[in-house]
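# Tertiary structure, described
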Amino acid sequence: MVAMVSGPGREAWGSGEGPSLREVVLVRGAWSPERDAVARAMRELAESMQRRGLRVTVVAASGTYPVDLSREWAAPRGTEVESGRARRWNIATGLFRYLSESRVNATVIAVDDPLGVAWIVRAVRLVAAPKSVQVNWSMDLFHTQDARSRRGHVFARATSAFKAGIERLSLRAGDSVVVLGECMAQTLRGWVSATRIVTIPIWQPDLVEPEASDSGPRTATQRTGADEPLRVLYAGHATHRHPIAPWLVQMAQAMPEVQFLVVGTGPQASQAHEAATKLRLSNLTVEGRKGRTQESILNTGDVHLVALAPFATGTCVPSKVYAGMTAGRPVLFLGDRASQGAIDVLRANAGVVLDPNDLSGACAFLRAMAVDRARATFGDNGRRFFLEQRTIDRATDNWCTLIERLQLERTMVPPS
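Here we summarise the structure given alongside this text.

Parameters at a glance
- Residues numbered from 1 in each chain as written.
- Predicted model: local features only at pLDDT ≥ 70, side-chain atom pairs only at ≥ 80, totals over all residues.
- Heavy atoms only, no water.
- Helix = DSSP H or I, 4+ residues; strand = E, 2+ residues; numbered from the N terminus.
- Buried < 20%, exposed > 50% of the residue type's maximum accessible area, 1.4 Å probe, protein only.
- Contact = heavy atoms within 4.5 Å.
- Areas by Shrake-Rupley, 256 points an atom, 1.4 Å probe, with all protein chains shown as cover.
- Pairing = 2+ DSSP bridges.
- Right-handed = clockwise from strand over helix to strand, strands pointing away.
- Salt bridge = Lys/Arg side-chain N within 4 Å of Asp/Glu carboxyl O.
- Expected span 1.5 Å × (residues − 1).
- Axes fitted to C-alpha atoms, helices over the stretch in contact; angles between N-to-C directions.
- Parallel < 35°, antiparallel > 145°, perpendicular 65-115°, else oblique.
- Left-handed = near helix turned anticlockwise from the far one by under 90°.
- Nonpolar A, V, L, I, M, F, W, Y, C, P; charged D, E, K, R; others polar.
- Phe/Tyr/Trp six-rings, centres within 6.5 Å; stacked < 30°, edge-to-face > 60°.
- Core = buried A, V, L, I, M, F, W, Y, C linked by side-chain atoms within 4.5 Å.

## So, the overall build of the protein
Summing up its helical and strand segments, the protein has 14 helices and 13 strands in all. Taking all 416 residues of the protein together, the buried fraction comes to 53%. Taking contacts inside the protein between residues at least 6 apart in sequence as the whole, the part at least 24 apart equals 72%. Roughly 18700 Å² of accessible area belongs to the protein as shown, and the carbon and sulfur atoms make up 53% of that amount.

Right, dumping it as structure tokens:
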């Protein structure tokens, strides 16, 4: 029997079943944690698992990387693999070599990139390590999302729909499917057995120590004695699934007393910058990270803006919601109330969820947030929710529980 002891910094597994039960292999095509959000999440989970006593290895198209907290997690320069076919081949050969040479029956976690990687993992493990367990970890149903957006010509839409079908079917290749939110689980029901879907929410690294705020009902301009406006921050990449540009332009025009700030990149950020320049909106600025730390960026805003287009609901979970919470800031979520981000904002009473066209509601909310006491209440609620529900330790507990259950099911002898 494998014993698991939960809690940060403690051994998660006993040694009664041998080292194979403590072996975890993460598989993904791209590996660049310093630049890619998915790879960063893989690295954070790998390091947390290692602190629990598991051995974790990453197999990517560019190579094999054992967890080592003393080294930089990044593929060596010049090893990027661009071709999808080459990436799949490198993944297949790298995983086969690792499993066959290590002679272990590991828990192999296939991250959804590139398309169809779950079937590759299944084929390799059945040949090299037939008693291994496979988990398909879906952090972003990208092709399903792309098909819903209905972008491009008829051929492009048909291609997206075809890829979405492969994406969903590939998730049936393993013993379990892990998704980031209940909204994603709902999207997959009908394609994957509900009993095989496990929701393990995405976490946000506890990087931010919220700045102290006064509890008195002073306005934003009064808190320092200077003419300092309320700051609404969008931090991160902004694509077509984050429709912030039109909203920012309209709100900057409607509320000249509020400062709207985008720290990030992407098409929507570029559109906002161009509109602000053309319309001479001095209260709407767009800038890059400029070497700033994540903590300094998140503490810049008094209110954090998060947006998710309706077509993306149920295909991803915007981690920006939890970044705002860990910073102790209210969250203004633009999008469908069925989105996981919206559900958690309302569940935590950490902000407001609005339709992007509800400008009057947004104006009313921001006027209320100009008062320190109102802003602090939402911020404190979000911070509390984050500490209770969205830490890496909580997520690792859930992962270890799942791995233990799947390994026990694999090793159980069926009754005669």
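## Re the pairing of strand E2 (residues 55-60)
Where burial is concerned, most of E2 is hidden: five out of the six residues are buried. Relative to E2, strand E1 (residues 23-27) is paired through five bridges, and the arrangement is parallel. Its bridge partner being in E2, Val 25 is matched across the sheet by Thr 57. Note on the crossover from E1 through helix H1 (residues 37-51) to E2: the handedness is right-handed. Here E2 runs beside strand E3 (residues 63-66); their pairing, made up of four bridges, is antiparallel. Across the sheet, residue Ala 60 finds its bridge partner in E3, namely Gly 63. The turn linking E2 back onto E3 is made up of two residues.

## Examining the pattern of salt bridges
Two side chains with opposite charge may pair up if their charged atoms get near one another. Taken as a whole and judged by the stated rule, the model has 16 salt bridges. Between Arg 43 and Glu 44 there is a salt bridge; the shortest N-O distance is 4.0 Å. A single salt-bridge network, built from bridges that share partners, covers Arg 52, Asp 393 and Asp 397.

## Quick word on the environment of Thr 57
Within the secondary structure layout, Thr 57 lies in strand E2. Taking the C-alpha atoms as reference points, Thr 57 and Asp 68, eleven residues apart in sequence, are found 9.4 Å from one another. Setting aside residues up to four positions removed in sequence, Thr 57 forms contacts with Glu 23, Val 24, Val 25, Leu 26, Thr 64, Tyr 65, Pro 66 and Tyr 98.

## Description of helix H2 (residues 84-102)
Residues three or four positions apart in an α-helix share a direction because the helix packs 3.6 residues into each turn. The first and last C-alpha atoms of H2 sit 27 Å apart over 19 residues, in line with the 27 Å expected at 1.5 Å per residue. Residues of H2 that are buried include every one of Arg 87, Ile 91, Ala 92, Gly 94, Leu 95, Tyr 98 and Leu 99, and no others. Remark: Arg 103 follows H2 within two positions and exhibits a positive phi of approximately 55 degrees.

## Observations concerning the sheet that holds strand E8 (residues 231-235)
The parallel open sheet is built from six strands, whose spatial order is E10-E9-E8-E11-E12-E13. At either margin of the open sheet sits one strand with a lone partner, and together these are strand E10 (284-287) and strand E13 (351-354). Taken pair by pair, the neighbouring strands of this sheet meet at an average axis angle of 20 degrees, ignoring direction. Pairing analysis gives four bridges linking strand E12 (residues 331-334) to E13, with the strands arranged parallel. The partner of Leu 332 across the bridge, within E13, is Val 352. Running at roughly 135 degrees to E10, helix H8 (residues 267-279) makes contact with strand E9 (259-263) and E10 of the sheet.

## Some points on the packing of helix H7 (residues 245-254) against H8
One way to put it is that H7 packs onto H8 with a least axis distance of 8 Å and a crossing angle of 30 degrees. Between H7 and H8, the interaxial angle falls into the category roughly parallel. In this structure, the crossing between H7 and H8 has a hand that is right-handed. Residues Ala 245, Pro 246, Leu 248, Val 249 and Gln 253 of H7 touch H8, and the partners they reach there are Gln 268, Gln 271, Ala 272, Ala 275 and Leu 279.

## Section: the packing of H2 against helix H3 (residues 117-128)
The axes of two packed helices give the description: the angle between them and the distance between them. Across the interface, H2 lies against H3 with an axial gap of 9 Å and an inter-helix angle of 30 degrees. With respect to H3, the axis of H2 lies roughly parallel. Crossing of H2 over H3 shows right-handed handedness. Each of Arg 88, Ile 91, Ala 92, Leu 95, Phe 96, Leu 99 and Ser 100 in H2 lies in contact with H3, whose residues at this interface are Val 117, Ile 120, Val 121, Val 124, Arg 125, Val 127 and Ala 128. In terms of residue class, the contact of H2 with H3 is built from eleven nonpolar, one polar and two charged.

## Quick word on the packing of aromatic side chains
Taken as a whole, this structure holds five aromatic pairs when the rule is applied. Ring centres of Trp 247 and Phe 260 lie 6.1 Å apart, and the angle between their planes is 85 degrees; on these two criteria the pair is classed as edge-to-face. Residue Trp 247 is found in helix H7, and its partner Phe 260 is found in strand E9; the two are separated by 13 residues along the sequence. Residue classification places Trp 247 among the buried positions, given a relative accessible area of 2%.

## Quick notes on the environment of Ile 120
Of note, Ile 120 is situated in helix H3. Distance in space between the C-alpha atoms of Ile 120 and Trp 89 is 9.0 Å, their sequence separation being 31 residues.

## Digging into the nonpolar core
In terms of nonpolar packing, the biggest core is built from 64 residues, with Met 42, Met 49, Trp 137 and Trp 399 touching the most fellow members. Beyond its immediate stretch of four places on either side in the chain, Met 49 contacts Val 24, Leu 54, Val 56, Ile 109, Thr 396, Trp 399 and Ile 403. Counting residues in hydrophobic clusters, the runner-up holds 34 residues, among them Ala 238, Val 249, Val 303 and Leu 354.

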